[in-house]
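Next come the chains, spelled out residue by residue.
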Protein chains: 2
Amino acid sequence: MEANVDIECEGGKIERNESAIDERGMIRQPLLSKNRINTSSQIAIVGSNVCPIESLDYEIIENDLFKQDWRSRKKVQILQYVTLKWTLALLIGLSTGLVGFFNNLAVENIAGFKFLLTSQLMLQQKFYQAFLAFAGINLVLATCAGVLCAYIAPAAAGSGIPEVKAYLNGIDAHSILAPSTLFVKIFGSILGVAAGFVVGKEGPMVHTGACIANLLGQGGSRKYHLTWKWLRYFKNDRDRRDLITCGAAAGVAAAFRAPVGGVLFALEEVASWWRSALLWRTFFTTAVVAVVLKSLIEFCRSGKCGLFGEGGLIMFDINSSKPDYNMVDLLAVTLIGVVGGILGSLYNYLVDKVLRTYSMINEKGPTFRVILVVIISLLTSCCAYGIPWFTNCVPCPIDLEVECPTVGRSGSYKFFQCPPGHYNDLASLILNTNDDAIRSLLSSTNGDEFRITTLLVFFISMYSLGIITYGIAIPSGLFIPVILAGASYGRLVGSLLVSFSNLNVGLFALLGSASFLGGTMRMTVSLCVILLELTNNLLMLPLMMLVLLISKSVADNFNKGVYDQIVKMKGLPFLESHAEPYLRQLVAGDVVSGPLISFSGVEKVGNIMHSLRLTSHNGFPVIDEPPFLEAPELCGVVLRSHLIVLLKGKMFTKDRRLTGTEMLQRYRASDFAKAGLGKGPKLEDLDIKPEDMDMYIDLHPITNTSPYTVVETMSLAKAAVAFRQLGLRHLCVVPKTPGKPPIVGILTRHDFMPDHILGLYPGIDQHK
Amino acid sequence: MEANVDIECEGGKIERNESAIDERGMIRQPLLSKNRINTSSQIAIVGSNVCPIESLDYEIIENDLFKQDWRSRKKVQILQYVTLKWTLALLIGLSTGLVGFFNNLAVENIAGFKFLLTSQLMLQQKFYQAFLAFAGINLVLATCAGVLCAYIAPAAAGSGIPEVKAYLNGIDAHSILAPSTLFVKIFGSILGVAAGFVVGKEGPMVHTGACIANLLGQGGSRKYHLTWKWLRYFKNDRDRRDLITCGAAAGVAAAFRAPVGGVLFALEEVASWWRSALLWRTFFTTAVVAVVLKSLIEFCRSGKCGLFGEGGLIMFDINSSKPDYNMVDLLAVTLIGVVGGILGSLYNYLVDKVLRTYSMINEKGPTFRVILVVIISLLTSCCAYGIPWFTNCVPCPIDLEVECPTVGRSGSYKFFQCPPGHYNDLASLILNTNDDAIRSLLSSTNGDEFRITTLLVFFISMYSLGIITYGIAIPSGLFIPVILAGASYGRLVGSLLVSFSNLNVGLFALLGSASFLGGTMRMTVSLCVILLELTNNLLMLPLMMLVLLISKSVADNFNKGVYDQIVKMKGLPFLESHAEPYLRQLVAGDVVSGPLISFSGVEKVGNIMHSLRLTSHNGFPVIDEPPFLEAPELCGVVLRSHLIVLLKGKMFTKDRRLTGTEMLQRYRASDFAKAGLGKGPKLEDLDIKPEDMDMYIDLHPITNTSPYTVVETMSLAKAAVAFRQLGLRHLCVVPKTPGKPPIVGILTRHDFMPDHILGLYPGIDQHK
């Protein structure tokens, strides 16, 4: 059975059945469905609970109403619009910065309190009580996070980056950016990280940023009575896409305090379409985040923020060590890259397997999800508290600048069960916050701080805990587990090579995390910049680039990047930026199939209602016919949502005549603006009387008269390029030979999916 | 009279007359020409010496030959192709890195010798001899640079970034990437910088990188008998575009030692189309550059490179100073940003004016160009040597770590005419290499090193010298003059505010240069990263972002960025990434005009020859007609260059019949691969006998059967978006109503130029 990942759907399953995903004016033949069931990424084709996955409209719908509005708009409106865009960017930056800081503050204080309590109990030799306190606090926090996630917003589980990536590719999954998701993402992430799970807050911050941007962009939430009228300008997918890109960038900037890295992350990993104007706006947003964080950290420096100290907002300053490397180091670095790439792709493979297993458990209901969270929490607590008992104590080094053993909450020389003057190096890593563990691993001050066996045990624990934790019902980022495993691996290699190499173990740890990040996430420039901004050491740049390049190249031979893998596993119809080569063997006409449902320019209300009920298509071709014209002509494409709004207005006529000018007086383009997902008027809400069914309605004012078209003999590869580059939802296929009906069919996103095409043409050679 | 900038054309003028630029199968009506002459950016419409500006083909020409090749290609070929791409990226990185280093080495040694000689003569109180030596050396170097540039490769003058930008937008100006241009660019830049001009080597390095990439990409130069057969894979504009993007990035990386900055610069400023695969490849190239530079600098550290010392490869390490700023500083920074934005846009304005004036002089011939270079050189020498005489000597500060006054070649405490124990602060700035002056200005060790009047005088000199130097016939970058002026301005403000501010004058200088760069070049992220990589201080990031944002926003109110301005002034038909709003008022059919020249699927040789001779169109529609079909149908588009190759083969038939299969056996797609500009077979070379003229030839095998099409009623704005996003050269306009001829016309780049459209429709409201 295929995995069934139900993160987007509240209490239901993801459905990609025919009626949910077909957007064009066409009824699919049973043949297609049969073919599609057999393909591997089709998740839960059977089932009753339809969860809407809707495509987004990035095309400008140039209908008469739009043109009328465009012509009558005044300079002051344009100015207002521009000002608003920048104001929104500012607001997104401000709120994401604040949320990011609040997140850190809360985690540091909760986790700090937990570790303080545990260490005080251990100091009094109350080891069992210490374990109970530690595991108990973890369990309570984990359960809260799990309950929030399982019952209120299942969409908030996981990293969120794959969903945001899919959204920016044009796929709107249910409630992925809803206010409830935002709420659970923020608090679930705080609770989950504080509960000691091997998860990060970075992925969730990206999702949080995107949710904030969406909330601001749609002018608040009507459901929660938070609306701002002046934000009504952005009721279209195009502007929302820009805002959400800014939000995602702001999220990375807030998570890592890496403003430039945030922009690049949004550019390289998250966004599917990019314009130079967007670069400029995301840059502004992340600059605002940087300023907000800087001011708040300044404020906290005087100790007003409880336990928020050095630990908050990771910034691993390894600036002091000047790298000076030789040939041997370069070889070592190459080795790190190769092995890191292999381990990274193995990580992806295992995460995928675990996710598929978990999804079967999660499917059984929210209670099972919470139970899974509880089990993993107990396991994590046992590991963190149990494993250090098996290791020997290390005598504290003499003439150390910092306290050893550490008594307070942070510090990397934990006494654990050790006699005075000794510390437990494994406990210092594993019984600590993730951020502190990373800081210790990257630190260069004492190369012998951690023994080789310690590093090995820690590496294995982090690698496995990271894999089994992702996929449970809490917001869980992938960055931190990967960095943790990578840094311990790198430091391990560094400790082994210490006699041959000029580089110190801290720098090796940094290169190790770079190799793991490259091996799992497959980014290059953005990871490089994020790591630079994190560690504040520009001189490592050439080595870091080398490691990233090698590990990415190695890992690319085995599988896809982890986010792409999750997108695929969730069955989201993601459009790749390049066309698959085998598409060249087909033409556009090969993948469209009939019969086509189209409307006449002035259509009978009954026909429209019937077609809307019969299908769930989102776009219908409109054809101008006699008596208005001599021969049928393609007028354009009309959207389902616009049809419903128009029908609601009931401007029907008894006879078949053009009523466009009257409609233009009554309606404005903004009446047809897109509401949030699932918010607009619905077909079921329409109250069309039986006598109305025989009346006529003029569709011309809402028909997009400039749809993009391709000829049916156009190579499918080139049609795919046009579809992707222009950000389309519907692409009309017109006949080549004159004298045929004016439209052959409409191509949508699903027609370009490999599974669909290979289902239609199983004999095609995929590698040609 | 309009300015006539003739940088691209060897010995001639840029021509944008009708026959040179019209690429579609259409004869323009005289009406249009009349309209176009009056538009402002049309340069030199009249004239006899046609300099070809050709558009590039980024579309994949899917004709039968291509499909045959595609079907028969083997896995090993694909692997070869991929390996070759990466090998080329490696080679581009290596060679650009080497050239960049050589450039620095040469400049440092030549300029170092000059300053050593001058200072030794001054030490002996031989002031006149010192001036003569100084000005004489400058003059010789300048004349050599000017002669190289004026006589051998006029295309090498100026920054080169605008031309590379235009190339990547799809405009191939004559000899802009030719081997001769590369040669002159490298040596001209060395000579020009060493001659003491206020110019940088950064812009020229970008151009150099692009030239190297082009040379490698087209498999060497046939003219100079340097060819590599195994590079034959890249004989198309699409792959070349990618290579040249890598080259441009490598150029920035080599110039600033900023690998990440290089990638971002290519992304933000230079490239018009971007793919994530490209990010990854440019990143690799710049990493190679970084490694090459690092190794060579290591090698030189032991003193084996003559006078190449600290001065080489600018890297202004201001890492020591920790910025800690307050409210007053933020206000000061805002002020710097605003004033920097205004001064930056004024800089652009003045550069534009000066360029237009110079172009009138340059037009008169190479001798006049060299004279202009000589005049500016003398002026610069007089300024550098003369101005410091008007300033008083400053006593050396006590307990200074460095030598004061400096006797050697570098150092920022020049003794000039001063008594022992004193130094001349103005001479230290102005009688020094540009790199050293910047380093002194950004240095934070001694805040009182330069007096306020000194900074003011230096700022004014650099601002004006920078403006009058750009545009003379030497390779001249804009980065360094702008950074010089900006840094002195910033340090001036810092010195004025020294009692109010926590920031030291060195940081103020950095912010000042950021504000000027933002004000002239209007980049954001890439400038930010380049400055960070240059100064190695990540903690300045928030302030730097703030300054860049403010100065760009302010300057954008006045004019365009300096590179865009130059592109426009040169009359290059640059396609902007967004469609102008007023295009919505028109449809695609409004800008195409007849009569159209089209070919039949099997056409008479005489007709083809006639059309090729009559027009200079580069694309012709092919129409399948009776008797082969019942009604005429659009078969596709055929390119002029392919037609000429096909005619050369003389596969003619007496009667009108299809010979496609025979042709497919004889030809391969690579026979039609694009040669370098002006290298392919020419129409004049064809030897078609009179009796051949009545024979027929089958055009089907070379007809691109999947051209992108728009319907004639498509909004022009949306057609423009498709044209730009898909990187097209020809866009077919098809009729809406059935029964008409199957094609209305072809849109090319020039049909989307504002001047053309506003010429056709002068009454249009540009702001709607």
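Residues numbered from 1 in each chain as written. Chains lettered and ligands numbered in written order. Predicted model: local features only at pLDDT ≥ 70, side-chain atom pairs only at ≥ 80, totals over all residues. Heavy atoms only, no water.

(A) Representation of the state of the cysteines. Evaluated as defined, the whole model comprises two disulfides over all chains. Across a sulfur-sulfur distance of 2.0 Å, Cys 393 of chain B and Cys 418 of chain B are joined as a disulfide pair. Judged by the torsion about the S-S bond (-95°), the Cys 393 of chain B/Cys 418 of chain B disulfide is left-handed. Pair noted here: Cys 393 of chain B is in the loop between helix H13 (366–386) and strand E5 (394–395) and Cys 418 of chain B is in the loop between E5 and strand E6 (422–423), with a separation of 25 residues, a long-range link. A relative accessible area of 23% places Cys 393 of chain B in the partly exposed class. Exposure remark for Cys 418 of chain B: the relative accessible area of 10% places this residue in the buried category. You can see Cys 528 of chain A has no disulfide; the closest cysteine sulfur is in Cys 528 of chain B, sitting 16 Å from it. For Cys 528 of chain A, a relative accessible area of 0% translates into the label buried. Cysteine Cys 246 of chain B remains unbridged, with the sulfur of Cys 211 of chain B as its closest cysteine sulfur at 15 Å. Judged by relative accessible area, which is 1%, Cys 246 of chain B ranks as buried. (Disulfide = S-S within 2.5 Å. Helix = DSSP H or I, 4+ residues; strand = E, 2+ residues; numbered from the N terminus. Buried < 20%, exposed > 50% of the residue type's maximum accessible area, 1.4 Å probe, protein only.)

(B) Up close: the sheet that holds strand E14 (residues 745–747) of chain A. All names here are of chain A. The mixed open sheet is built from three strands, whose spatial order is E12-E13-E14. Looking along the sheet, the strands with just one partner apiece sit at the ends: strand E12 (709–711) and E14. Direction aside, neighbouring strands of the sheet carry axes that sit 35° apart on average. Of the pairings in the sheet, the one linking E12 to strand E13 (residues 731–734) comprises three bridges and is parallel in character. Its bridge partner lying in E13, Val 710 is registered against Val 733. (Pairing = 2+ DSSP bridges. Axes fitted to C-alpha atoms, helices over the stretch in contact; angles between N-to-C directions.)

(C) Quick peek at the relation of the copies chain A and chain B. In screw terms, the move from chain A to chain B is a rotation of 180° and a rise of 0.0 Å along the axis, fitting with an RMSD of 0.1 Å. In the structure described here, the two chain copies are related by an operation that fits a two-fold rotation axis. Here 100% of the contact residues of chain A are again contact residues in chain B; the copies associate through an equivalent surface. (Least-squares fit on C-alpha atoms with pLDDT ≥ 70 in both. Contact = heavy atoms within 4.5 Å.)

(D) Representation of the pairing of strand E9 (residues 619–624) of chain B within the structure. Residue and element names in this part refer to chain B. Of all the six residues making up E9, six are buried; the element is thus mostly covered by neighbouring parts of the structure. A two-sided burial pattern is seen for E9, the buried positions comprising Gly 619, Pro 621 and Ile 623 on one face and Phe 620, Val 622 and Asp 624 on the other. Pairing geometry for strand E7 (residues 599–600) and E9, over two bridges, is parallel. Among the inter-strand pairings, Phe 599 is bridged to a residue of E9, identified as Val 622. Pairing of E9 with strand E10 (residues 633–639) involves six bridges; the strand directions are antiparallel. Of the residues in E10, the one forming a bridge with Asp 624 is Glu 633.

(E) Fine view of the sheet that holds strand E12 (residues 709–711) of chain B. All names here are of chain B. Strand order in the open sheet formed by three strands is E12-E13-E14, and the pairing between neighbours is mixed. Strands with a single pairing partner mark the edges of an open sheet, and in this sheet they are E12 and strand E14 (745–747). Strand-to-strand twist across the sheet, computed as the mean angle between neighbouring axes with direction ignored, equals 35°. Sheet topology places strand E13 (residues 731–734) next to E14; three bridges connect them, and they run antiparallel. Counted as the bridge partner of Val 733 is Gly 745 from E14.

(F) Helix H4 (residues 75–123) of chain B, seen in detail. Between its terminal C-alpha atoms H4 of chain B stretches 71 Å, which fits the 72 Å expected from 49 residues at 1.5 Å a residue. Once H4 of chain B ends, the next one or two residues include Gln 125 of chain B, with phi positive near 65°. (Expected span 1.5 Å × (residues − 1).)

(G) A look at the environment of Ser 72 of chain B. Within the secondary structure layout, Ser 72 of chain B lies in helix H3 (residues 64–72). Sequence-distant contacts of Ser 72 of chain B, defined by excluding residues within four places in its chain, comprise Gln 77 and Arg 668 of chain B.

(H) Focus on the interface of chain A and chain B. Of the residues lining the interface, 73 residues belong to chain A; the matching set on chain B comes to 73 residues. A combined buried area of about 6,300 Å² lies between chain A and chain B, and 67% of that area is made up of carbon and sulfur atoms. The three residues of chain A that bury the most area against chain B are Trp 280, Arg 584 and Lys 718 of chain A, which together make up 11% of that side's buried surface. Residue Glu 62 of chain A is joined to Arg 584 of chain B by a salt bridge in which the shortest nitrogen-to-oxygen separation is 2.5 Å. Our enumeration of links across chain A and chain B arrives at 18 residue pairs in polar contact (both at pLDDT 80 or more). For the side of chain A that touches chain B, the leading source of residues is helix H11 (residues 276–301) of chain A, giving 10 residues. Residues belonging to the side of chain A that touches chain B are distributed by class as follows: 40 nonpolar, 17 polar and 16 charged. (Buried area = accessible area lost by both parts, 1.4 Å probe. Salt bridge = Lys/Arg side-chain N within 4 Å of Asp/Glu carboxyl O. Polar contact = N/O pair within 3.5 Å; in protein donor to acceptor, adjacent residues only side chain to side chain. Nonpolar A, V, L, I, M, F, W, Y, C, P; charged D, E, K, R; others polar.)

(I) Layout of the environment of Ile 430 of chain B. Looking at where Ile 430 of chain B falls in the secondary structure, it is placed in helix H14 (residues 425–430). Separated by 332 residues in sequence, Ile 430 of chain B and Pro 762 of chain B have C-alpha atoms that sit 51 Å apart.

(J) Looking closely at unusual backbone geometry. Backbone geometry places Lys 650 of chain A, a non-glycine residue, at a positive phi of 55°. Among the secondary structure elements, Lys 650 of chain A is positioned in the loop between helix H24 (640–649) and helix H25 (660–666). Overall, the relative accessible area of 31% leaves Lys 650 of chain A in the partly exposed class. One non-glycine residue with positive phi stands out, namely Arg 257 of chain B, at about 55°.

(K) Inspection of the pattern of salt bridges at higher detail. The final tally for this structure, using the stated rule, is 40 salt bridges over all chains. Note that Lys 165 of chain B and Glu 269 of chain B form a salt bridge whose closest N and O atoms lie 3.0 Å from each other. Here Glu 269 of chain B lies in helix H10 (residues 259–270) and Lys 165 of chain B lies in helix H6 (residues 161–169), a separation of 104 residues in the sequence. By relative accessible area, Glu 269 of chain B is classed as buried at 7%. Connected through shared salt-bridge partners, Glu 54, Asp 57 and Arg 729 of chain A make up one network.

(L) Representation of a nonpolar patch on the surface. Residues and elements named next belong to chain A. A surface patch of nonpolar side chains, amounting to about 520 Å² of accessible area, comprises Phe 102, Val 147, Tyr 151, Ile 152, Phe 183 and Phe 187. Where the nonpolar patch is concerned, the elements lending two or more residues are helix H5 (127–152) and helix H7 (179–194). Of note, Val 147 is situated in helix H5. (Patch = residues over 30% accessible without salt bridge, like charges linked within 9 Å, V, L, I, M, F, W, Y side chains within 5 Å. Areas by Shrake-Rupley, 256 points an atom, 1.4 Å probe, with all protein chains shown as cover.)

(M) Geometry of the packing of helix H5 (residues 127–152) of chain B against H13 of chain B. All names here are of chain B. At a closest axis distance of 8 Å, the pairing of H5 and H13 adopts a crossing angle of 150°. Between H5 and H13, the angle is such that the two are roughly antiparallel. Where H5 crosses over H13, the handedness of that crossing is right-handed. (Parallel < 35°, antiparallel > 145°, perpendicular 65-115°, else oblique. Left-handed = near helix turned anticlockwise from the far one by under 90°.)

(N) Seen up close, the side chain of Ser 461 of chain A. Turning to its location among the elements, Ser 461 of chain A is positioned in helix H16 (residues 452–469). Look past the residues within four positions of Ser 461 of chain A in its chain and what remains in contact with it is Ile 387, Ile 430 and Gly 466 of chain A.

(O) Region of interest: the packing of aromatic side chains. All names here are of chain A. In total, this model carries 48 aromatic pairs over all chains according to the counting rule given. A centroid spacing of 5.2 Å and a plane angle of 50° characterise the contact between Phe 131 and Tyr 385, whose relative ring orientation is tilted. Note that Phe 131 is positioned in helix H5 and Tyr 385 in helix H13 (residues 366–386), a separation of 254 residues in sequence. On the accessibility criterion, Phe 131 (23% relative accessible area) is partly exposed. (Phe/Tyr/Trp six-rings, centres within 6.5 Å; stacked < 30°, edge-to-face > 60°.)

(P) The arrangement of the side chain of Asp 242 of chain B in detail. You can see Asp 242 of chain B is positioned in helix H9 (residues 237–256). With residues up to four places along the chain from it excluded, the contact list for Asp 242 of chain B reads Arg 275, Leu 278 and Arg 281 of chain B.

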